[in-house]
Amino acid sequence: MDQLSPVLDAISHPSRRAILARLSKGPARVTEIAAPFTMSLNAVSKHLKVLEAAGLVHRDRQGRDHVMELRAEPLRQVTQWLHPYERYWSRQLNRLEDHFTTKKKRRTR
Amino acid sequence: MTTTKTMDIKLERTIPAPAAEVFDAWLDPNTPVNPFSGAKKLIFDLKKDALFNFVHHHDGKDLAHYGRFDVIERPTKVQYTWMSPYTRGLESLVTVTFTTKGEDTLVSLTHANLPDDDYGRAHDGGWKGYLKKLGDKFSPGA
C-alpha cells in the first residue's frame, strides 16, 4: 500500500488539522488537546488514532498520561506528490509495472 | 548570491520480473516503459560518463532533456544526471536501484536536487492547480 494515502486521509478532516496545529506548538496530553474542542474526549481519541496510524503523531505513555507529539515528516510526502516529477516518475513506473504484469499473464496462459 | 532551494523525490514499486529484465527494460529506448522511449529525437549512449539527450513534445512544446550516466551496475543500480526546463539549469540526479525480492524486483527511484519552487512545480497546470485540487478534495462534502 502506498504511504501517501493514509497521510492525505488523516489531514482531510478539519479537526485533525486543528490537532496538528496544536501539536506544532509542542507535545500535549490527550486531555489538553481535547480541551478547546466541543466534541467528546472519545471523538478526539479517535482522531488521534487516525493521525497516529498515518505516522503524523507519536504517543508517549507516561503512566496514565498519554502525551502526543507531532511527527511532521510524513507531510513531506504531500509536497512530493505535488511535484511534477513525482507524477512523471509515477507514470513511468506504472508503465514498467503494466509491461511486466502483462508479460507475466501471457507466460502463465 | 541566491541559492535555489531543492528537494528530493523518492518512489518505490515492486515489479513482477527478475532484476536483470527490469533493469534492461528501464534503459532500453525500444521498450516503451522509460523516458528514452517515444522521444522525438534521441541521442543515447549507455556507457559510464557518456551522455544522453532526448526531446519530448508535450503541451505544444518541445522539452529537451540532457544527462550523463554516472553509474551503470547491471542489474542492481543505475545513476544519471538529469537536466530539463524544469530543473532550472540545475544538474539533478536520478538514482534507480533494483533489488530482488523473491520472484519480483523492488525498484527504488530517487530524483535528487530538484528545484523546490513554483517554476519547478509548473508542469501540467502547475502548483496552483494541484493546490486547488487538494483544497477541493478536503472541502466539506468532497
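See the structure shown above.
All of the points below concern the structure found in this document.

Basis of the calculations
- Residues numbered from 1 in each chain as written.
- Chains lettered and ligands numbered in written order.
- Predicted model: local features only at pLDDT ≥ 70, side-chain atom pairs only at ≥ 80, totals over all residues.
- Heavy atoms only, no water.
- Helix = DSSP H or I, 4+ residues; strand = E, 2+ residues; numbered from the N terminus.
- Buried < 20%, exposed > 50% of the residue type's maximum accessible area, 1.4 Å probe, protein only.
- Contact = heavy atoms within 4.5 Å.
- Areas by Shrake-Rupley, 256 points an atom, 1.4 Å probe, with all protein chains shown as cover.
- Core = buried A, V, L, I, M, F, W, Y, C linked by side-chain atoms within 4.5 Å.
- Pairing = 2+ DSSP bridges.
- Axes fitted to C-alpha atoms, helices over the stretch in contact; angles between N-to-C directions.
- Buried area = accessible area lost by both parts, 1.4 Å probe.
- Salt bridge = Lys/Arg side-chain N within 4 Å of Asp/Glu carboxyl O.
- Polar contact = N/O pair within 3.5 Å; in protein donor to acceptor, adjacent residues only side chain to side chain.
- Nonpolar A, V, L, I, M, F, W, Y, C, P; charged D, E, K, R; others polar.
- Phe/Tyr/Trp six-rings, centres within 6.5 Å; stacked < 30°, edge-to-face > 60°.
- Parallel < 35°, antiparallel > 145°, perpendicular 65-115°, else oblique.

Okay, the overall build of chain A next. What chain A contains, in helices and strands, is 6 helices and 3 strands. When the helices and strands of chain A are read in sequence order from the N terminus, they spell out α-α-β-α-α-β-β-α-α. Counting the 109 residues in chain A, one finds 38% classified as buried. For chain A, restricting intrachain contacts to residue pairs at least 6 apart in sequence, the fraction spanning at least 24 positions comes to 51%. Taken as a whole, chain A presents about 6400 Å² of accessible surface, with 50% of it coming from carbon and sulfur.

Before going further, it helps to examine the environment of Leu8(A). Tracing the backbone shows Leu8(A) in helix α1 (residues 4-10). Along the chain, Leu8(A) and Gln77(A) lie 69 residues apart, while their C-alpha atoms are 9.3 Å from each other.

With that settled, consider the nonpolar core. Residues Trp89(A), Leu96(A), Trp26(B) and Tyr80(B) are the most contacted members of the largest nonpolar core, which totals 33 residues. Counting residues per element, the ones that place at least two in this core are α6 (84-108) of chain A together with β1 (6-15), α1 (19-26), β3 (51-58), β4 (61-73), β5 (77-82), β6 (92-101) and β7 (104-115) of chain B. Broken down by element, this core gets its largest block of residues, 6 residues, from α6(A).

Quick look at the sheet that holds strand β2 (residues 57-62) of chain A now. Residues and elements named next belong to chain A. The 3 strands lie next to each other as β1-β3-β2, forming an open sheet whose pairing is antiparallel. Of all strands in the sheet, those with a lone pairing partner are β1 (28-29) and β2, marking the two edges. Relative to strand β3 (residues 65-70), β1 runs antiparallel, the two being bridged by 2 bridges. Among the inter-strand pairings, Arg29 is bridged to a residue of β3, identified as Val67. The strands touched by helix α2 (residues 14-23) are β1, β2 and β3; relative to β3, the strand with the most contacts, the crossing angle is about 90°.

Here we take up the sheet that holds strand β2 (residues 41-44) of chain B. Here 7 strands make up an open sheet; going across it, the order is β1-β7-β6-β5-β4-β3-β2 (chain B) and the pairing antiparallel. Every interior strand has two partners, whereas the edge strands, β1 and β2 of chain B, have only one. Here the average twist between neighbouring strands, direction ignored, is 20°. Direction of pairing for β2(B) relative to β3(B): antiparallel, over a ladder of 4 bridges. Of the residues in β3(B), the one forming a bridge with Phe44(B) is Phe52(B). Set on the sheet, α6(A) makes contact with β1, β3, β4, β5, β6 and β7 of chain B; between it and β1(B) the angle comes to about 10°. Running over the sheet, α1(B) touches β1, β4, β5, β6 and β7 of chain B and is turned about 155° from β6(B).

Next up on the list: the side chain of Ser15(A). Residues and elements named next belong to chain A. Secondary-structure assignment places Ser15 in helix α2. On the accessibility criterion, Ser15 (17% relative accessible area) is buried. Ignoring any residue separated from it by four or fewer positions in sequence, one finds Ser15 in contact with Phe37, Met39 and His47.

Every contact between the two is made by 45 residues of chain B and, on the other side, 32 residues of chain A. Both faces considered, chain B and chain A share a buried interface measuring about 3400 Å² in area, 65% of it formed by carbon and sulfur atoms. Applying the counting rule to chain B against chain A returns 2 salt bridges. At the junction of chain B with chain A, the criterion picks out 6 residue pairs in polar contact (both at pLDDT 80 or more). For the side of chain B that touches chain A, the elements supplying multiple residues, two or more each, are β1, α1, β5, β7 and α2 (126-138) of chain B. Of all the elements, β1(B) adds the most residues to the side of chain B that touches chain A, at 8 residues. Across the side of chain B that touches chain A, the residue classes break down as 27 nonpolar, 10 polar and 8 charged.

Okay, the packing of aromatic side chains next. Applying the stated rule across the entire model yields 20 aromatic pairs over all chains. Among the aromatic residues, those joined into a ring-pair cluster are Tyr85(A), Tyr88(A), Trp89(A), Trp26(B), Phe36(B), Phe44(B), Phe52(B), Phe54(B), Phe69(B), Tyr80(B) and Trp82(B).

Residue and element names in this part refer to chain A. Taken N-terminus to C-terminus, the directions of α2 and helix α4 (residues 41-53) make an angle of 75°; their axes are 10 Å apart at the nearest point. With respect to their mutual orientation, α2 and α4 come out roughly perpendicular. Together, Ser15, Arg16, Ile19 and Leu20 of α2 and Val44, His47, Leu48, Val50 and Leu51 of α4 make up the contact between the two elements. Partitioned by chemical class, the residues of the contact of α2 with α4 number 6 nonpolar, 2 polar and 1 charged.

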